[in-house]
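# What the coordinates show
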Amino acid sequence: MKKDQHIEPRAFDTELAAEYITKSPSFLNNTRLDDKKRIENDEPPKGPKWVMQGRNIRYYREDLDAWLDSFKDQSNPAWDYNF
């Protein structure tokens, strides 16, 4: 690898994942805990998918992108207006 070459990470820790989705790390921490309870109650999770790598929590870029894309499906009346 060249010295000036930059590698884009595929997996993020909580802090970088939060920055990527423009939320706080505490949002991801709280959502992750809430989603564990939701899954136990057969409810769908609300936060992005995450994985454990050893004792570390990681968020994959494609899961964060999919979570962000899921909000596109929510109707926003402002976008239905024909200019």
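Heads up: the structure comes first, above all this text.
Just so you know, these numbers come straight off a predicted model, no measurement behind them.

A word on the overall build of the protein. Each helix and strand counted, the protein has 4 helices and 3 strands in total. Listing each helix as α and each strand as β along the protein from the N terminus yields β-α-α-β-β-α-α. A burial count over the protein gives 19% of its 83 residues as buried. Intrachain contacts of the protein at a sequence separation of at least 6 include 44% that bridge at least 24 residues.

Once that is clear, we can look at the nonpolar core. F12, A17, A18, I21, L28, I57, Y59, L64 and W67 form the largest nonpolar core, which has 9 residues in total. When residues of this core are traced back to their parent elements, those giving at least two are α1 (14-20), β3 (56-60) and α3 (61-69). Setting aside its immediate chain neighbours within four residues, W67 contacts I21, K23, F27, K46, G47 and P48.

The pairing of strands in a sheet happens through backbone hydrogen bonds and is either parallel or antiparallel. Strand order in this open sheet of 3 strands is β1-β3-β2, and the pairing throughout is antiparallel. The open sheet has two free edges, formed respectively by β1 (11-12) and β2 (51-53), since each of these has just one partner strand. As defined by bridge partners, β1 adjoins β3 across 2 bridges and the pair is classed as antiparallel. Among the inter-strand pairings, F12 is bridged to a residue of β3, identified as Y59. α3 rests against β1 and β3 of the sheet, and its axis sits at about 60° to β3.

Attention now moves to the pattern of salt bridges. Proximity of charged atoms lets side chains of opposite charge pair with each other. All told, the structure shown has 4 salt bridges when counted by the stated rule. Residue E43 pairs with R38 through a salt bridge whose shortest N-O separation is 3.2 Å. Notably, a salt bridge pairs D69 with K72, separated by 3.7 Å at the nearest N-O pair. Residue classification places K72 among the exposed positions, given a relative accessible area of 65%.

On to the side chain of D63. Structurally, D63 is set in helix α3. When near neighbours in sequence (up to four residues on either side) are disregarded, D63 contacts P48 and K49.

Turning our eyes to something else, we now look at the side chain of R32. With respect to the element layout, R32 can be found in helix α2 (residues 25-40). No salt bridge is formed by the buried R32, whose closest oppositely charged neighbour, D35, lies at an N-O distance of 8.8 Å.

For the rest of this paragraph, the subject is the environment of I21. Checked against the element boundaries, I21 lands in the loop between α1 and α2. Using a relative accessible area of 4% as the deciding quantity, one classes I21 as buried. Remark: the alpha-carbon pair of I21 and L64, spanning 43 residues in sequence, is separated by 7.2 Å. When near neighbours in sequence (up to four residues on either side) are disregarded, I21 contacts F27, L28, L64, W67 and L68.

Calculation rules
- Residues numbered from 1 in each chain as written.
- Predicted model: local features only at pLDDT ≥ 70, side-chain atom pairs only at ≥ 80, totals over all residues.
- Heavy atoms only, no water.
- Helix = DSSP H or I, 4+ residues; strand = E, 2+ residues; numbered from the N terminus.
- Buried < 20%, exposed > 50% of the residue type's maximum accessible area, 1.4 Å probe, protein only.
- Contact = heavy atoms within 4.5 Å.
- Core = buried A, V, L, I, M, F, W, Y, C linked by side-chain atoms within 4.5 Å.
- Pairing = 2+ DSSP bridges.
- Axes fitted to C-alpha atoms, helices over the stretch in contact; angles between N-to-C directions.
- Salt bridge = Lys/Arg side-chain N within 4 Å of Asp/Glu carboxyl O.
- Lys, Arg positive; Asp, Glu negative; His and termini not counted.

Function-wise, these values are silent; they only describe arrangement.
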